[in-house]
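Architecture and fold: a report
Here is how the chains run, residue by residue.
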Amino acid sequence: MKISRICGYQIDLPLREGRYNWSGGKSVSVFDSTVVAVHADSGLVGYGEVCPLGPFYLPAYAAGARAGIMELGPHLLGEDPTQLARVNRRMDAALLGHPYVKSALDMACWDLLGKATGQPVCVLLGGRYGESVGLYRAISQEAPDAMARRVAEYRAQGYRRFQLKVGGAPEEDIARIRAAAVELEPGDRLVADANTGWLMHDALRVVRAVADVDVYIEQPCRSYEECLSVRRHCNHPFVLDESVDSLEMLLRGHADGAMDVVNLKISKLGGLTKARQARDLCATLGIAMTLEDSWGGDIVTAAIAHLAHSTPPELLFSTTDFNSYLAVSNAEGAPQRENGRMAAGTAPGLGVTPRWDALGPPVFDLTV
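Presented here is an overview of the structure given in this document. (Residues numbered from 1 in each chain as written. Predicted model: local features only at pLDDT ≥ 70, side-chain atom pairs only at ≥ 80, totals over all residues. Heavy atoms only, no water.)

**Digging into the environment of Arg 5**
The criterion, for reference: A run of H or I in DSSP counts as a helix once it spans at least four residues, and a run of E counts as a strand once it spans at least two, with each numbered from the N terminus. Relative accessible area decides the class of each residue, using a 1.4 Å probe on protein chains only: under 20% of the type maximum gives buried, over 50% gives exposed, and in between gives partly exposed. The contact definition used throughout considers only heavy atoms, calling two residues in contact when any of these lie within 4.5 Å. Each polar contact in these results corresponds to two N or O atoms within 3.5 Å; when the atoms are within protein, one needs to be able to donate a hydrogen and the other to accept it, and residues that are neighboring in sequence are counted only if both atoms are side-chain atoms.
Looking at the element boundaries, Arg 5 is found in strand 1 (residues 3–14). Among the residues examined, Arg 5 registers a relative accessible area of 31% and is labelled partly exposed. It is 8.1 Å that separates the C-alpha atoms of Arg 5 and Ala 37, two residues lying 32 residues apart in sequence. Sequence-distant contacts of Arg 5, that is, excluding residues within four places in its chain, are made with Ala 37, Val 38, His 39, Leu 77, Asp 365, Leu 366 and Thr 367. At 2.6 Å, the side chain of Arg 5 and the side chain of Asp 365 are in polar contact.

What follows is the structure in structure tokens.
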């Protein structure tokens with residue numbers, strides 16, 4: 001099997017609730033997503049998606065993803081998409097860094113591998129555990145009482161994991177955490193995610209002020225070293241996200257005792273191939289994981305579901321269903337939330353088919 005054509009599509013994904021706010025006054029109301037279709041000479045087509053959370057979150061942006069895919073695409077034409085390690089080595093040799101650019105292409109190759117073998121991607125990633133996986137809900141940054149109401153609303157929908165967007169003024173973040181905690185019931189988990197938004201002294205003020213609250217602290221500061229310093233003064237369970245963007249950083253964090261949970265994003269690592277490597281390393285080291293991506297629609301949600309569903313349940317801290325946040329669907333067949341949980345599909349590959357009426361004509365079309 002050989003790659004004969006790579007097409008790219010751009011789609012805007014507006015939020016159902018209008019706006020998503022997080023640390024530092026950053027917000028977004030419409031996500032700019034890129035869908036790729038990787039055609040094989042056998043007639044099979046694999047689909048992938050990459051959707052950065054704006055250019056001010058990670059070193060990734062939507063127009064850069066499309067430019068990078070157009071740069072990489074010609075190097076993959078003629079390659080066998082089912083040889084995932086070879087495909088990734090080819091991409092890394094042709095374009096240094098820029099892992100998010102490679103993510104949708106790698107995802108599409110996994111979809112092709114599943115279709116070629118008649119297996120869902122979760123089986124190829126290690127096997128399906130259980131009937132479904134538990135989801136978290138991100139609580140957009142608002143006033144403390146509004147965020148507490150959101151926790152109660154989402155809990156009524158079946159969610160048991162809540163990720164509060166903090167990283168603002170310490171006094172208000174303390175109030176946000178305390179107000180949200182009141183809404184919890186036994187078995188719920190609350191994460192205060194600062195998304196790198198605090199300085200060290202502010203982070204320390206917050207963790208000291210909520211010392212009596214059952215809450216996880218996630219990525220309080222921008223650098224790994226700053227987060228590690230806060231960790232060493234903190235008795236709360238600790239989550240690293242933005243700082244862990246490679247196997248090297250994962251190993252460093254484990255050696256330093258820097259985290260109890262790690263957030264692994266598919267595009268941050270460069271695709272499902274490298275996310276699986278990191279996931280399996282975490283499983284070996286006994287590190288619990290949140291498995292997700294920066295953002296995305298139905299195709300990204302399907303990929304997340306397959307990665308999460310193939311992860312031992314005791315190591316899966318949480319995962320997410322991005323498609324439920326959105327007012328537009330970009331594919332059919334994606335997992336749908338049911339009582340705070342979702343399940344990976346059982347069809348070959350990712351199990352999704354793009355909605356061509358929503359995608360429109362390709363913005364680039366690369367052929368042999």
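**Quick word on the packing of helix 1 (residues 62–76) against helix 2 (residues 84–94)**
What counts, and what does not: Throughout, an axis means a line fitted to C-alpha atoms (over the contacting stretch in the case of helices), and angles, computed between N-to-C directions, take values from 0 to 180 degrees. Throughout, the term roughly parallel applies to angles under 35 degrees, roughly antiparallel to angles over 145, roughly perpendicular to angles from 65 to 115, and oblique to all others. Two helices that cross are described as forming a left-handed crossing if the nearer one is turned anticlockwise from the farther one by less than a right angle, and a right-handed crossing if clockwise. Gly counts as polar in this scheme, as do all residues outside two lists: the nonpolar Ala, Val, Leu, Ile, Met, Phe, Trp, Tyr, Cys and Pro, and the charged Asp, Glu, Lys and Arg.
Between helix 1 and helix 2, the least distance of the axes is 10 Å, while the angle of their chain directions is 125°. By the criterion of interaxial angle, the relationship of helix 1 to helix 2 is oblique. Note that helix 1 runs across helix 2; the crossing there is right-handed. Of helix 2, the residues touching helix 1 (which contributes Leu 72, His 75 and Leu 76) are Val 87, Arg 90, Met 91 and Ala 94. Looking at the contact of helix 1 with helix 2 residue by residue, the class counts come to five nonpolar, one polar and one charged.

**Focus: the sheet that holds strand 1**
Filter applied, for reference: Only when DSSP finds a minimum of two bridges between them are two strands counted as paired.
Taken together, the four strands give an open sheet; going across it, the order is 5-4-1-18, and neighbouring strands pair in antiparallel fashion. Both outer strands of the open sheet, strand 5 (45–50) and strand 18 (364–367), are each paired with one neighbouring strand and no more. Strand-to-strand twist of the sheet, defined as the mean angle between neighbouring strand axes without regard to direction, takes the value 20°. In the sheet, strand 4 (residues 30–40) pairs with strand 5 via six bridges, with the strands oriented antiparallel. Of the residues in strand 5, the one forming a bridge with Val 38 is Gly 46. In this fold helix 12 (residues 298–309) packs onto strand 4 and strand 5, with an angle of close to 100° to the strand it touches most, strand 5.

**Section: helix 3 (residues 99–117)**
Because an α-helix packs 3.6 residues into every turn, residues spaced three or four apart end up facing the same way. Stated formally: Multiplying 1.5 Å by the residue count of a helix minus one yields the expected span of that helix.
Taking 1.5 Å per residue, 19 residues should reach 27 Å; helix 3 reaches 27 Å between its end C-alpha atoms and fits that length. Among the 19 residues that make up helix 3, 15 are buried, leaving the element largely enclosed by the rest of the structure. Looking one or two residues past helix 3, Gly 118 carries a phi angle of roughly 75°, positive in sign.

**Let's talk about the packing of aromatic side chains**
The relative placement of two aromatic rings is captured by the distance of their centres and the angle of their planes. Note the following rule: Centres within 6.5 Å are what make two rings of Phe, Tyr or Trp a pair, Trp counting through its six-membered ring; a difference in plane orientation under 30 degrees is then read as stacked, over 60 as edge-to-face, and the rest as tilted. Our definition puts a charge over a ring when NZ of Lys or CZ of Arg is within 6 Å of the ring centre and also within 35 degrees of the ring normal.
All chains considered together, the criterion is met by 11 aromatic pairs. With a centroid separation of 5.9 Å and 65° between ring planes, the pair formed by Tyr 47 and Trp 356 is classed as edge-to-face. In this pair, Tyr 47 is assigned in strand 5 and Trp 356 in helix 13 (residues 356–359), connecting sequence segments 309 residues apart. With a centroid separation of 5.1 Å and 75° between ring planes, the pair formed by Trp 295 and Tyr 325 is classed as edge-to-face. In this pair, Trp 295 is assigned in the loop between strand 13 (288–292) and helix 12 and Tyr 325 in the loop between strand 14 (316–319) and strand 15 (331–332), connecting sequence segments 30 residues apart. Taking relative accessible area as the criterion, Trp 295 reaches 2% and is therefore assigned buried. One aromatic cluster is present, built from ring pairs that chain together Tyr 20, Trp 22, Phe 31, Tyr 57, Trp 295, Phe 322 and Tyr 325. The aromatic ring of Tyr 325 is capped on one face by Arg 137, whose charged end is 3.7 Å from the ring centroid.

**Remarks on the packing of helix 5 (residues 144–156) against helix 6 (residues 170–182)**
At a minimum axis separation of 8 Å, helix 5 and helix 6 run at an interaxial angle of 30°. Comparing their axes, helix 6 and helix 5 come out roughly parallel. Where helix 5 crosses over helix 6, the handedness of that crossing is right-handed. Note on element contacts: helix 6 touches helix 5 through Glu 172, Ala 175, Arg 176, Ala 179 and Ala 180, opposite Pro 144, Met 147, Ala 148 and Val 151. Residue classes in the contact of helix 5 with helix 6 are distributed as seven nonpolar, no polar and two charged.

**Digging into the pairing of strand 13**
Spelled out, the test is: Note on handedness: a clockwise path from strand one over the helix to strand two, with the strands aimed away from the viewer, defines a right-handed crossover.
Most of strand 13 sits out of view: five of its five residues are buried. Burial along strand 13 is two-sided: Ala 288, Thr 290 and Glu 292 and Met 289 and Leu 291, pointing in opposite directions, are all buried. Two strands pair when backbone bridges link them, and strand 13 and strand 14 are joined in this way by three bridges, in the parallel orientation. If you follow Thr 290 over to strand 14, its bridge partner there is Ser 318. Crossover handedness for the path strand 13 to helix 12 to strand 14: right-handed.

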